[in-house]
Amino acid sequence: MHETDMTKALILTVKDWYESQLEKPKIEKIHLIVGQFTCVEPVSLQFAFEVQTRNTFLAEVELVIKDIPLVAFCHTCQQEYKPEIGLQYSCPDCNSPMEDIRSGRELKIDRIEYSSVNTYENVSL
Amino acid sequence: MHQTFDAALELNLLHANQEGANHNREHFDKWGISCFNIMSSPGAGKTVLLEKTLAALQDKLSMAVIEGDMTTELDADRLRQYNVPVIPINTGRSCHLDSKMVAGGIHTLEHEYNPQEIDLVLVENVGNLVCPAEFEVGEHAKVALLSITEGEDKPLKYPVMFQEADCLLITKTDLAPYLDIDLDRIAQNVRQMNPNVTIISVSAKTGDGLEVWFNWIQNQVSTLTLCH
Ligand SMILES: Nc1nc2c(ncn2[C@@H]2O[C@H](COP(=O)(O)OP(=O)(O)OP(=O)(O)O)[C@@H](O)[C@H]2O)c(=O)[nH]1
Ligand SMILES: [Mg+2]
Ligand SMILES: [Zn+2]
Ligand SMILES: [Zn+2]
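Residues numbered from 1 in each chain as written. Chains lettered and ligands numbered in written order. Predicted model: local features only at pLDDT ≥ 70, side-chain atom pairs only at ≥ 80, totals over all residues. Heavy atoms only, no water.

An unreviewed UniProt entry lists chain B under the name Hydrogenase accessory protein HypB, with Hyella patelloides LEGE 07179 given as the organism.

An unreviewed UniProt entry annotates chain A as Hydrogenase maturation factor HypA of Hyella patelloides LEGE 07179. As recorded by UniProt, the Function (unreviewed entry) comment attached to chain A reads in full: "Involved in the maturation of [NiFe] hydrogenases. Required for nickel insertion into the metal center of the hydrogenase." Looking at chain A in UniProt, the text filed under Sequence similarities (unreviewed entry) is "Belongs to the HypA/HybF family." (UniProt positions renumbered as here; feature names shortened; annotations may be inferred.)

Draft legend 1. Inspection of the overall build of chain A at higher detail. Secondary structure assignment for chain A yields two helices and six strands. Against the compact-globule benchmark of 14 Å for 125 residues, chain A has a radius of gyration of 18 Å, which places it well outside the compact range. Judged by the C-alpha coordinates and their principal axes, chain A covers about 60 × 30 × 15 Å. By residue count, 47% of the 125 residues in chain A fall in the buried class. (Helix = DSSP H or I, 4+ residues; strand = E, 2+ residues; numbered from the N terminus. Rg over C-alpha atoms; globule rule 2.2 N^0.38 Å. Buried < 20%, exposed > 50% of the residue type's maximum accessible area, 1.4 Å probe, protein only.)

Draft legend 2. Structural view of the UniProt feature "binding site: Ni(2+)" (unreviewed entry) in chain A. As recorded in UniProt, the sites labelled "binding site: Ni(2+)" (unreviewed entry) are H2 of chain A. For H2 of chain A, the position within the fold is in helix α1 (residues 2-20). H2 of chain A has contacts with C39 of chain A together with C95, H96, V130 and C131 of chain B, leaving out every residue within four places of it along the chain. (Contact = heavy atoms within 4.5 Å.)

Draft legend 3. Spotlight on the site of ligand 1. Residue and element names in this part refer to chain B. Residues in close proximity to ligand 1 total 19 residues, the closest being K46, T47, V48, D174 and A204. Contacts to ligand 1 include D75, whose side-chain N or O atom sits 3.1 Å from an oxygen atom. Between ligand 1 and K172 there is a distance of 3.0 Å, counted from an oxygen atom to a side-chain nitrogen or oxygen. Look at ligand 1: alone it shows 650 Å² of surface, and the protein chains cover 72% of it. Breaking the shell around ligand 1 down by element, the ones donating at least two residues are α2 (46-57) and α3 (74-80). (Near = heavy atom within 4 Å. Polar contact = N/O pair within 3.5 Å; in protein donor to acceptor, adjacent residues only side chain to side chain. Areas by Shrake-Rupley, 256 points an atom, 1.4 Å probe, with all protein chains shown as cover.)

Draft legend 4. Structural detail: unusual backbone geometry. Despite not being glycine, Q78 of chain A shows a phi value in the positive range, around 55 degrees. Tracing the backbone through its elements, the reader meets Q78 of chain A in the loop between β3 (71-74) and β4 (79-81). Given a relative accessible area of 54%, Q78 of chain A falls into the exposed group. Backbone geometry at K172 of chain B places phi at a positive 60 degrees, although glycine is not the residue there. Its place among the elements puts K172 of chain B in the loop between β7 (167-171) and α7 (183-191). Residue classification places K172 of chain B among the partly exposed residues on the basis of a relative accessible area of 26%.

Structural data, given as structure tokens:
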């Protein structure tokens, strides 16, 4: 459900980028980075993206999602560890709480792959 | 074969929402308003807590509510009897509030009320344990509720909201005698991922712990007012 809203946010962001381009490119792929410590489920995101982009300037564009695991850094042990989502977040060696998340919170559009100028002039969303 | 190019955006997916949230916060700051975003699963007790809070603090603080629970107007109606501005937001079928919806509420606040005179805006988010935490609305603090009927493991299963919360209210403690629940375990589970969170156990029914919550609010508001 919330993936629908995430997708709206994604489309708006890409649309902003698209409109800032002088020559409207043809977008081919959108690369996303999605951390595991977010509320986003990649499969639902794919589905929502496909549905919401039908008949828009993003129709047929491929969404490539890279999953990033949750990695935390324990300052007591001076080492990284991978918390087990749903089970345990504190350090498995010393039990210190998870304070320093090094990765897993990402929700990013990494890059857009595009080719030469698009023939459509209008962005319809 | 045609040539493809790459545009490195490295842009947060929630960029637009984040900008909107920052904009909302600027409005609040300009008026000297503190804003709390109140989140929980459906039925954890947000509206009842707001009712108690409005009743107890109305002589001390000038408050307003932005009510995101719009499946019905029931929650907003319950709150209106406390004579504070209650601004319902039409969330449609959305499972969380976003900064744009709250901007609509701020607009109403600006045009129909006197925001300069308000100290505190309480935002009741849509009942949902998953995504409201991901969408900032311009709040200065996040308050999460977890009712003891939900089980000790919920913070572990739905960590994002609990990890982000500035204050966690463990609610409905009056029901503890009927349940097999360990309140300390709830606190431990949350502290595993959020060691600095303020945890307050309350019962809106008996009033137990509410005084601590009211003090927390007043402390936050005075600290923020000093910063403005
Ligand atoms: N026993 C007991 N029941 C409570 C307490 N607080 C709330 N409730 C009950 O829990 C139910 C839900 O409370 P609400 O305040 O409507 O919960 P909410 O979080 O606003 O719900 P939504 O807005 O629908 O997500 C109501 O029947 C309340 O009477 C409490 O401290 N003790
Ligand atoms: Mg409610
Ligand atoms: Zn949502
Ligand atoms: Zn450690």
